Amino acid sequence: MASVRGRNITAILDGYKEYKLYNKYLSETKVCDEINSRQSTSMSILVLSNDAMTTLASDAGDSLPAIKNALRLHSVLDYYDRKKVKKYGDESAATLFQATGDAAAATGNVKVVDQDDKNYGFSASTPGARICTVTKEVETHPFKFAILEVTAPIEFDGLFDTPAIANLTLLLERAGCKVFAALAAKTGVLKTYEDAMDKGLTLFAPNDDAFQAKDAPDVKAMSVANLTKLLQYNAVPAYNTKTSLKFVKGSLPTMAGTKAAVKVVAKGDDVSIDTGKAKSRVADTVVDSVPFCLMTLDSLLVPPELYVGAVEAPAPAPADAPQASPPAADAPSVPADHAADHKTKKAAKSLAVAARPIGALAAACSVVLGSLLL
C-alpha cells in the first residue's frame, strides 16, 4: 500500500480509469486543492464511477458551481473503513461542504450508516435520504486517509442551488473596490473581464485605500494604454481560488500578457501576489463560482514599469550608425587654428622622449670601449 504522506488526490486517482470523470471534475472545480491542502486532516473521499459521476453532473444541470458543492459533500472530514463503522456504528460526519460555510444549517454533514452484514454506507443528513452503499474500499490508510467508492451520488434538495453572479460592477462596489470598478468601466476593461468570466477568470481587486498608497501610481495622470495595462495586470485568465493559489508553481500569467506575470507567495493561510517590486496580500474571497473567482487585495498590483520613479529604457541606436564616444568631462577643447601646431609639438616631444634611452646607451658604450683600449 502506497504511503499517504504528501497525498495528492488527483495523482492517486490517475491510476484508476473508472474514476476518470470524477477526477476531471475534482481538477476543474479545484476541490482537489482543498483536499490536498488538508494534509494533517483525516479524510475519506467518496468517489463515483464514471457512470455515477455522469448522473451527478446531469442532476446538477452540468453547472460547475453545483458540481463543486456535491464534490465537497463527498469529501468527508474523518477517516472511515468497514472495521471502524462496524465497531462504532452510525454517526454524523462533517464534510468540506459544511466547512466552507456555504451549506444551510447542518445540511453539509453526512450520515455514516452501519448496514446489514458487512455493508456500510453514507447518506445526506436530511430525513429520508437514500443510503449510498460503499461498494469498494479503493485505498485505506488507517485513521488518516481513505478512498471509498459509493453506489450513487449523495444528494439532497438544495445541494445544487448556487447564487447567481450579480452585475460585476455592483460586486466590486459592495466589496469596497469602487475606484477599481470605475476605472474598469472607463477604460472598457470591464467588458474584457465580463467576457472572460465564463471561460476562466481570477480577478484581484484592490480596495479603494490601495490607490492612495505612497508608492501607487497616479491613475488620473496615466494614459489610457497604461491604465488598461494596469487593470489587465490585476486579472489572471484562469480559474483559481485562494487555496489553489498555494499550489501554483512558477509564474502566473496575467491578462496583460505572458511576460507580465506575477508569482504567488504562500505562508500558512496567508497568500500574497508578488510583482517582483512589491507584494500584495489576498484579503477576502468575494465570489467563488467556477470558473470565476473574485478576491480583494490590500494593495494595487502594479507592473514594475508603471511604478513611481520607473524610467523608460532609451531606444537603442541604429546598427549602421555607431555612436561617437563622448569627450571626457575634464578635457578642454582645442581651438581649430591651433590644432596643427599642437600635433607638431606633441610629435616632437614624443621623439625627444624616445631618444633619451638611445643617447644613454651610446654614452655607456663609449665608456666601455675606452676602458678596453687602456
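Note that the structure is a prediction, hence the values are computed from the model and not measured. (Residues numbered from 1 in each chain as written. Predicted model: local features only at pLDDT ≥ 70, side-chain atom pairs only at ≥ 80, totals over all residues. Heavy atoms only, no water.)

Side note on the overall build of the protein chain
What counts, and what does not: Numbering of helices and strands runs from the N terminus; a helix is a DSSP stretch of H or I covering at least four residues, while a strand is a stretch of E covering at least two. The contact criterion used throughout is that any non-hydrogen atoms of two residues lie within 4.5 Å. Each accessible area value is a Shrake-Rupley result obtained with a 1.4 Å probe; residue values ignore everything except the protein chains displayed when judging cover.
In terms of helices and strands, the protein chain carries 13 helices and 14 strands. Considering only intrachain contacts with a sequence separation of at least 6, the fraction spanning at least 24 residues in the protein chain is 62%. Roughly 20700 Å² of accessible area belongs to the protein chain as shown, and the carbon and sulfur atoms make up 54% of that amount.

Concerning the nonpolar core
Which entries qualify depends on this criterion: Remark: nonpolar core denotes a set of buried residues (Ala, Val, Leu, Ile, Met, Phe, Trp, Tyr, Cys) joined through side-chain atoms within 4.5 Å. Partly exposed describes any residue whose relative accessible area lies between the buried limit of under 20% and the exposed limit of over 50%, with all areas from a 1.4 Å probe on protein chains only and scaled to the type maximum.
Core analysis: the biggest nonpolar cluster contains 50 residues, and Ile 9, Tyr 22, Leu 26, Ile 35 and Phe 122 have the highest contact counts within it. Grouped together as the second largest cluster of nonpolar side chains are 30 residues, Leu 168, Leu 231, Val 287 and Val 302 included.

Structural notes on the sheet that holds strand 4 (residues 110–114)
By way of backbone hydrogen bonds, the strands of a sheet pair with one another, either parallel or antiparallel. The cut-off we apply is this: When DSSP locates at least two bridges between a pair of strands, those strands are taken to pair.
Strand order across the open sheet formed by seven strands is 2-1-7-6-5-4-3, with mixed pairing between neighbours. Strands with a single pairing partner mark the edges of an open sheet, and in this sheet they are strand 2 (75–76) and strand 3 (91–93). Two strands pair when backbone bridges link them, and strand 1 (residues 43–47) and strand 7 (residues 145–150) are joined in this way by five bridges, in the parallel orientation. Along strand 7, the bridge assignment pairs Ile 45 with Ile 147.

Notes on the packing of aromatic side chains
Two descriptors summarise a pair of aromatic rings, namely the distance from one centre to the other and the angle between the planes of the rings. In plain terms, the rule: Each aromatic pair joins two rings of Phe, Tyr and Trp (for Trp, the six-membered one) with centres within 6.5 Å, and gets the label stacked for planes under 30 degrees apart, edge-to-face for over 60, and tilted for any other angle. Whether a charge lies above a ring is judged from NZ of Lys or CZ of Arg, which has to be within 6 Å of the ring centre and within 35 degrees of the ring normal.
Under the counting rule described, the total for this entry stands at five aromatic pairs. Measuring from ring centre to ring centre gives 5.6 Å for Tyr 79 and Phe 143, while their planes differ by 50 degrees; the resulting arrangement is tilted. Here Tyr 79 is found in the loop between strand 2 and helix 6 (82–88), whereas its partner Phe 143 is found in the loop between strand 6 (132–141) and strand 7, with 64 residues between them in sequence. Taking relative accessible area as the criterion, Phe 143 reaches 59% and is therefore assigned exposed. When the ring of Phe 180 is compared with that of Tyr 193, the centres are 6.2 Å apart and the planes differ by 15 degrees; the resulting orientation is stacked. Of this pair, Phe 180 sits in helix 9 (residues 178–187) while Tyr 193 sits in helix 10 (residues 189–196), and the two are 13 residues apart along the sequence. Comparing Phe 180 with Tyr 193, the two get one shared label, buried. Here the aromatic residues Tyr 80, Tyr 120 and Phe 122 are joined through ring pairs into a cluster of three or more. Over the face of the ring belonging to Tyr 25 we find Lys 24, whose NZ or CZ atom lies 4.6 Å from the ring centre. The ring of Tyr 80 has Lys 84 sitting right over it, with the charged end atom 4.4 Å from the ring centre.

Some words on the pattern of salt bridges
Our working rule: Take a side-chain nitrogen of Lys or Arg and a carboxyl oxygen of Asp or Glu: if they are within 4 Å of each other, that pair is a salt bridge.
For the coordinates displayed, the defined rule picks out 14 salt bridges. For Asp 114, the salt bridge goes to Lys 86, with nearest N and O atoms at 2.6 Å. A residue pair is termed long-range when its members are at least 10 positions apart, and Asp 114 in strand 4 and Lys 86 in helix 6 qualify at 28 residues. With a relative accessible area of 30%, Asp 114 lands in the partly exposed category. Put simply, Glu 34, Lys 68, Arg 72, Asp 102 and Asp 288 are held in one network by salt bridges that share partners.

Considering the sheet that holds strand 13 (residues 279–289)
With mixed pairing, the seven strands of this open sheet are ordered in space as 9-8-14-13-12-11-10. Unpaired on one side and paired on the other, strand 9 (235–236) and strand 10 (251–254) mark the two borders of the sheet. As judged from the six bridges shared by strand 8 (residues 201–206) and strand 14 (residues 292–297), these two strands associate in the parallel manner. For Thr 202, the partnering residue across the bridge sits in strand 14 and is Cys 293.

Description of helix 4 (residues 50–59)
Our working definition: The arc in question is the one spanned by the directions pointing from the helix axis to the C-beta atoms.
Among the residues of helix 4, those classed as buried are Ala 52, Met 53, Leu 56 and Ala 57. Along helix 4, the residues classed as buried sweep out an arc of 140 degrees about the axis, all on the same side. Residues of helix 4 that are exposed and angled more than 90 degrees away from the buried face: Asp 51 and Ser 58. Residues of helix 4 that are buried in the fold lie against helix 2 (20–29) and helix 5 (64–73). Positive phi appears at Gly 61, one or two residues downstream of helix 4, with a value of about 70 degrees.

Focus: the pairing of strand 5 (residues 120–124)
Strand 5 sits mainly inside the fold: five of its five residues count as buried. Here strand 4 runs beside strand 5; their pairing, made up of five bridges, is antiparallel. Along strand 5, the bridge assignment pairs Val 113 with Gly 121.

Some words on unusual backbone geometry
The omega angle of the peptide bond from Val 290 to Pro 291 is 5 degrees, so this bond is cis rather than trans. Among the structural elements, Pro 291 can be located in the loop between strand 13 and strand 14. Non-glycine residue Asp 62 carries a positive phi angle of around 60 degrees. Taking the relative accessible area as the measure of exposure, Asp 62 reaches 57% and is therefore exposed.

Here we look at the packing of helix 9 against helix 10
Here is the rule: Here an axis means a line fitted to C-alpha atoms, over the contact stretch when the element is a helix, while the angle between two N-to-C directions is reported on a 0 to 180 degree scale. Any angle that falls under 35 degrees is termed roughly parallel, while one over 145 is termed roughly antiparallel, one within 65 to 115 roughly perpendicular, and all others oblique. When residues are sorted by character, Ala, Val, Leu, Ile, Met, Phe, Trp, Tyr, Cys and Pro go into the nonpolar class, Asp, Glu, Lys and Arg into the charged class, and all the rest, Gly among them, into the polar class.
Orientation of helix 9 relative to helix 10, taken along the N-to-C sense of each, is 95 degrees, at an axis distance of 5 Å. Between helix 9 and helix 10, the interaxial angle falls into the category roughly perpendicular. Taking contact as the criterion, the partners of Phe 180, Ala 184, Ala 185 and Thr 187 in helix 9 are, on helix 10, Val 189, Leu 190 and Tyr 193. Class assignment for the residues of the contact of helix 9 with helix 10 results in six nonpolar, one polar and no charged.

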